[in-house]
Amino acid sequence: MFKAIVSSGTLRAALDSVSVLVDECKIRLEEDELTIRAVDPANVGMVDLSLSAAAFESYEADGGVIGVNLTRLEDIAKMADADQLVQFELDEETRKLHIQIEGLEYTLALIDPDSIRQEPDLPDLDLPATVVVEGRDIDRAVKAADMVSDHIALGVDVDEEVFYVDAEGDTDDVHFELDREDLIDLSAGEARSLFSLDYLKEMNKALPKDGEITIELGQEFPVKLHLEIAEGQGQVTYMLAPRIQSD
Amino acid sequence: MFKAIVSSGTLRAALDSVSVLVDECKIRLEEDELTIRAVDPANVGMVDLSLSAAAFESYEADGGVIGVNLTRLEDIAKMADADQLVQFELDEETRKLHIQIEGLEYTLALIDPDSIRQEPDLPDLDLPATVVVEGRDIDRAVKAADMVSDHIALGVDVDEEVFYVDAEGDTDDVHFELDREDLIDLSAGEARSLFSLDYLKEMNKALPKDGEITIELGQEFPVKLHLEIAEGQGQVTYMLAPRIQSD
Amino acid sequence: MFKAIVSSGTLRAALDSVSVLVDECKIRLEEDELTIRAVDPANVGMVDLSLSAAAFESYEADGGVIGVNLTRLEDIAKMADADQLVQFELDEETRKLHIQIEGLEYTLALIDPDSIRQEPDLPDLDLPATVVVEGRDIDRAVKAADMVSDHIALGVDVDEEVFYVDAEGDTDDVHFELDREDLIDLSAGEARSLFSLDYLKEMNKALPKDGEITIELGQEFPVKLHLEIAEGQGQVTYMLAPRIQSD
């Protein structure tokens, strides 16, 4: 059983945060929240999303799992303005999801969850450095790095108390640095890891430019990015595996 | 003889409503109005436009017929802002149309009207259902249908007193429904016909989103769409032939 | 030695005016101004730019010459908002240019100036007609001409005291005329020359629509276009060679 009503804006924020990594996913319809966990085909980037029942206008579910085409679901959500309501009702027998937006009814065929890549476990890492920045700073760093390279180093300098980004190209380099004053928060610890820019560019698309992003970093370890959606009623965590430093 | 002055906005609304179906057309320069009738190469969609002399700042004509390249004429009209005036003067001898927009003079070579597809007759059909809707509702229905199918059924349910749109895809379906309250007007009669979405998508481009569209419908019959342009000084009628229902 | 701080807006106006003709150029870092002269590969269009030290927030230079990739430098400048400051510092030893924009540091590899096409001399021509127009009028003329032809005649009619533009296509023609009242200034002299529209279209991109452009014209002679950037602290001159009139 699944019946829910949610604003198009909240729905789109949730879907967008997952669709930057995968085209289809399983959605777990728990009693008090909706959750999605997914990993990209190369096993490099993961996302873990939870959207509390409180983020919905109304929400009823009993623990089922559905498989959806995310691109399609996003297209449907775009039929509504951000503050218009989207109504869901699952037909258990036909395995179709009925979606209503003011007079418009869309019947979406679901995907067999067993045919979708298995959900990953996001490991509990004890990462030494934590940085809180505005989304727009990540956006600037990613765009600048993209001008010179296809990978990017994220690091924290404990002595200088700065969070930095490095990208080294064949001829040109980019270095971006934020100190305590520029950062929302910094809990310094020795950290530097190299990442594929392709993945970070995709994740960056789903980061709110004016929202707070918490970055957990280690020494040649995965990075974790945490953000809130739906005015704090939803949580998204990205995890990205490091590339081996070749120098 | 043809001499006229018209606002770029009015000119563009008139040209756009025809250019969604054909690239070139005959324009009849009657004494009291300008008229265009055209049918697409496949004989599926027709348009009938009349623009009263009152829609012009000034208008003089004596019944001639000219052939024009619509795309070119639209490009010229776009050189002016919506409220700027466009001045026409036909040179009968050279068969060129002189078009002036504030210091800019464009000399347009006309097309021999005999080389243009013959103008269609729009049959006087006695269609049982008439629906008046806002352009934005047609826009929504067409865009939603386009997500799942390449054809679309338009119908009226006499008992429920609703106008509806159905599109059936291979896996997903779309159903859109407007009742008396959502509609500007409804004169119910049993009606349901299937149409090619390609044509309706093109016609939709020329429908004002905030304007009234009158839809005449029948049972496996052509649909007619009526709209006004130029603040009621111009009338456009589209007619679209039905597709044979294959079920 | 070169150290300078300039607003992104001023930097971009300067770079854009040169990049419409060439992808890389030499920049002369004189004591009291920065200058660029460049000619396109076909030797048809030239640009001469000078940006006074007063256009900068701070400026120190001692006459060096650097070679730069303009496209790359424009991309970097775009990382900043128009009123954000861009900081330059030349590292003479590594021949790299350090560019800073609020915490972001870009290290740009320079190009050996000897590998860049030689700077042209813009001849001192004594052209008989001078016209001062708004950039938007050149924009209109160029766009209209582009609808019918790939070349464009610019001329001054001494008797009528008008500046005119003519473009003749295979079937359609465009004529654009500005009289004393439409022009900011006119110093009439017999002048008419034909130019490649491709070059004028590119130069047009760098002309401020609401700025004054001074046009110097002759009889089958090159045209010169003068404009100011950086609120008068920078000067740009374009010179475009005429095409041979074939009629």
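Note that this is a predicted model, so its numbers are computed, not measured.

A. Here's a closer look at the sheet that holds strand β6 (residues 64-69) of chain C. Residues and elements named next belong to chain C. If you walk across this open sheet you meet the nine strands as β6-β2-β3-β4-β18-β17-β16-β10-β14, and the pairing is antiparallel. In this open sheet, the two edge strands, each paired with only one partner strand, are β6 and β14 (185-187). Looking at each pair of strands side by side, their axes are set apart by 20° on average, direction ignored. Strand direction decides the pairing type here: strand β17 (residues 223-229) and strand β18 (residues 234-240), joined by seven bridges, are antiparallel. Note that in β18 the partner of Val223 across the bridge is Leu240. Those strands touched by helix α1 (residues 8-19) are β2 (24-29), β3 (33-39), β4 (45-52), β17 and β18, and its axis lies near 160° from that of β4. Of the strands in this sheet, β2 and β6 are in contact with helix α2 (residues 70-78), which crosses β6 at around 80°.

B. The sheet that holds strand β7 (residues 85-91) of chain B, seen in detail. A sheet is described by the order of its strands in space; here nine strands give the open sequence β5(B)-β1(B)-β7(B)-β8(B)-β9(B)-β13(C)-β12(C)-β11(C)-β15(C), paired in antiparallel fashion. Bordering the open sheet on either side are β5 (58-61) of chain B together with β15 (191-196) of chain C, each of which pairs with just one other strand. Averaged over all pairs of adjacent strands, the angle between strand axes in this sheet comes to 20°, irrespective of strand direction. As paired strands, strand β8 (residues 96-101) of chain B and strand β9 (residues 104-109) of chain B are joined by six bridges and run antiparallel to one another. Directly across from B:Gln100, in β9(B), lies its bridge partner B:Glu105.

C. Fine view of the interface of chain A and chain C. Taken together, the twelve residues of chain A in the interface contact 14 residues of chain C. Summed over the three residues of chain A that lose the most area to chain C, namely A:Arg140, A:Met147 and A:Asp172, the buried surface amounts to 53% of that side. Counting every contact that joins chain A to chain C gives one salt bridge. Its salt-bridge partner being A:Asp172, residue C:Arg72 comes within 3.2 Å of it at the nearest N-O pair. The interface formed by chain A and chain C holds ten residue pairs in polar contact (both at pLDDT 80 or more) in total. For the side of chain A that touches chain C, the elements supplying multiple residues, two or more each, are α3 (135-146) and β13 (173-179) of chain A.

D. Molecular detail of the relation of the copies chain A and chain C. Once turned by 120° and shifted 0.0 Å along the axis, chain A lies on chain C with an RMSD of 0.0 Å. What we have between these two chains is a three-fold relation.

E. Representation of the side chain of C:Ser8. Relative to the elements of secondary structure, C:Ser8 occurs in helix α1. In this structure C:Ser8 touches C:Ala77, C:Ala80, C:Asp81, C:Ala82, C:Gln84 and C:Val86, once residues within four positions along its chain are discounted.

F. The UniProt feature "domain: Proliferating cell nuclear antigen PCNA C-terminal" (unreviewed entry) in chain A, seen in detail. Using the residue numbers shown here, the UniProt feature "domain: Proliferating cell nuclear antigen PCNA C-terminal" (unreviewed entry) corresponds to residues 122-242 of chain A. Secondary structure across residues 122-242 of chain A comprises 17% helix and 46% strand; the distance between its end C-alpha atoms is 14 Å.

G. Spotlight on the side chain of C:Asp137. All names here are of chain C. Structurally, Asp137 can be placed in helix α3 (residues 135-146). Of the buried charged residues, Asp137 lacks a salt bridge, with Arg140 as the closest side chain of opposite charge at 4.9 Å. For Asp137, the residues in contact, after removing those within four places along its chain, are Phe176, Leu178 and Asp182.

H. The pattern of salt bridges, seen in detail. Enumeration according to the criterion identifies 33 salt bridges over all chains in this entry. A salt bridge links B:Asp146 to B:Lys201; its shortest N-O distance comes to 3.3 Å. Residue B:Asp146 is found in helix α3 (residues 135-146), and its partner B:Lys201 is found in helix α4 (residues 197-205); the two are separated by 55 residues along the sequence. On the basis of relative accessible area, B:Lys201 is assigned to the partly exposed category, the value being 29%. For C:Lys205, the salt bridge identified is with C:Glu202, shortest N-O distance 2.8 Å. Here the residue C:Lys205 and the residue C:Glu202 both occupy positions in helix α4 (residues 197-205), the gap between them amounting to three residues, near one helical turn.

What counts and how
Positions within a chain are numbered from 1, following the residues in the order the chain's sequence is written. For this description, chains carry letters from A and ligands carry numbers from 1, given in the order in which they are written. Local features are withheld for residues below a pLDDT of 70 in this predicted model, meaning they are given only at 70 or higher, and side-chain atom pairs are given and counted only at 80 or more; totals for whole chains, interfaces and linings count all residues. Note: side-chain values were computed over all heavy atoms of the structure, leaving out hydrogens and water. Strands are labelled as partners when DSSP assigns at least two bridges between them. For the purposes of this entry, the term helix denotes a DSSP run of H or I that reaches at least four residues, the term strand denotes a run of E that reaches at least two, and both are numbered from the N terminus. The convention used is that axes are lines fitted to C-alpha atoms, helices contributing only their stretch in contact, and that angles between N-to-C directions extend from 0 to 180 degrees. Residues count as neighbours in contact if any of their non-hydrogen atoms are within 4.5 Å of one another. Here's the idea: put two parts together, see how much 1.4 Å probe accessible area each one loses, and the total over both is what we call buried area. Salt bridge, as used here: a side-chain nitrogen of Lys or Arg that lies within 4 Å of a carboxyl oxygen of Asp or Glu. What qualifies as a polar contact is a pair of N or O atoms within 3.5 Å, subject to a donor-acceptor requirement within protein and to the restriction that residues adjacent in sequence count only when both atoms come from side chains. Residues reaching a pLDDT of at least 70 in both copies supply the C-alpha atoms on which the copies are superposed by least squares. UniProt positions are given in the numbering used here, feature names are shortened, and annotations may be inferred rather than shown by experiment. When a residue's accessible area, from a 1.4 Å probe over protein chains only, is under 20% of the maximum for its type it is buried; when over 50% it is exposed; and in between it is partly exposed. This count recognises Lys and Arg as positive and Asp and Glu as negative, with His and chain-terminal groups excluded.

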